[in-house]
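Structural description and commentary
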Amino acid sequence: MSELLTVQEVDPWLQFNPYIVSGYRPRMTICGALRSFFTWHNESFNVWTHAIAACFVFYLMLFPPTMDAATTTTVGASSADGVAATSVVLPLYERRWLGTSSEHHIGASSTTAFRITCLVFLAIFICSVVYHLFIPCSTSELSYRRLLNCDVFGVVLCITATSWSFLYRGNACSAEWTSHAGLGAVLLSGLFVLYCVLFNASCGALGRLKAIGFHCALRLSVLLWIELPKVQSQGYHQAFYYHAMSYMFISLGGVMGGFRFPERQLRRATQPLPASSSLLATAVSRFWGWVGRFLVSNEELDYMWNSHTLWHYCIVLSATMMLFAFYYDVEEFELARC
């Protein structure tokens, strides 16, 4: 591959993070970009982390985790007229509420839904790999924006499509209309965000952040609306904890990306402070200067530990937590007794 470039040498539309100063690939063909998958540059970890994650969720899609074959419930009760309680074996993933008016008729089995969820994660990871791998193929700002839209579409798709587990398995005792209403809200929000982000030419980085942040906030509201009553009434909280951890990781990654942490702080620490700087500013600058000198080199910062690479790590952790949340949503749904 040709010699790597600095941030001042790449096209203007690729200079969106001036604090990542080196490791940029020159403009290249699609074949050259494919070959760069196996070379070292400042997008290598971004590509490799999500490529490995894509392989992992593809494996889970082919071989989903298994649970016990059946669960036993009791229908009826002993009474004065001699009607005895009867134990009925109901297969997991196909349980129906017998003798109640609030039956949960859900089309897809949980195994199928888990595979679809893995397929959604596979799509977002592939979209991310395509975006980061083919960045140097963009010949104009318009072509770069189209490539970026591929990555953004994967993010919105993931936020929307992974809502199935808590919508339809989050609370076995909730009314059926709550799941349908939550699904409608998430779908409408997803379509609105896609329109604002993909088809609005004036939508910049801040606009994308606001739109996707709104979508995440609405999804979180629906999650709390459905899952919290289960935690309070039945005491099942494992799935809720994993959902919360998923949001924690994605929020952490978003905050680091928004503040360009840590490359912004480390780059500024190398600049001389004005004479009128306060003691606190001086201490903070010296701290980051110490970090840059002894813990993170300039190359490591540009290639492995910048805000966007940390965002990728957080996305992988968030996706892992979502899969755990799916598993426990299904398990707690089977254990619930209303």
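Residues numbered from 1 in each chain as written. Predicted model: local features only at pLDDT ≥ 70, side-chain atom pairs only at ≥ 80, totals over all residues. Heavy atoms only, no water.

1. Quick word on the UniProt feature "transmembrane region" (unreviewed entry) in the protein chain
As annotated in UniProt, the feature "transmembrane region" (unreviewed entry) corresponds to residues 45–63, 113–135, 147–167, 179–199, 211–228, 240–261 and 310–328 in the numbering used here. The span residues 211–228 is 100% helical and 0% strand by assignment, and the distance between its end C-alpha atoms comes to 25 Å. (UniProt positions renumbered as here; feature names shortened; annotations may be inferred. Helix = DSSP H or I, 4+ residues; strand = E, 2+ residues; numbered from the N terminus.)

2. Considerations on the environment of W48
Mapped onto the fold, W48 is located in helix 2 (residues 44–62). Using a relative accessible area of 27% as the deciding quantity, one classes W48 as partly exposed. Residues W48 and F38, ten residues apart in the sequence, show an inter-C-alpha distance of 9.2 Å. Apart from the residues lying within four places of it in its own chain, the contact partners of W48 are F37, T39 and W40. A polar side-chain atom of W48 sits 2.7 Å from the main-chain carbonyl oxygen of F37. (Buried < 20%, exposed > 50% of the residue type's maximum accessible area, 1.4 Å probe, protein only. Contact = heavy atoms within 4.5 Å. Polar contact = N/O pair within 3.5 Å; in protein donor to acceptor, adjacent residues only side chain to side chain.)

3. Concerning unusual backbone geometry
Cis geometry is found at the peptide bond from F261 to P262, where omega equals 5°. Mapped onto the fold, P262 is located in the loop between helix 8 (238–258) and helix 9 (263–269). If you check the backbone angles, R260 has positive phi at about 50° while not being a glycine. Considering the arrangement of structural elements, one finds R260 in the loop between helix 8 and helix 9.

4. Notes on the packing of aromatic side chains
A full pass over the atoms with the stated rule returns 21 aromatic pairs. For the ring pair F37 and F38, a centre distance of 5.0 Å and an interplane angle of 75° mean the geometry is edge-to-face. Overall, F37 belongs to the partly exposed group, its relative accessible area being 23%. Centroid distance F114 to F326: 5.4 Å. Interplanar angle 70°. Geometry classified as edge-to-face. One end of the pair, F114, is in helix 3 (residues 110–133); the other, F326, is in helix 12 (residues 307–335), with 212 residues separating them in the sequence. (Phe/Tyr/Trp six-rings, centres within 6.5 Å; stacked < 30°, edge-to-face > 60°.)

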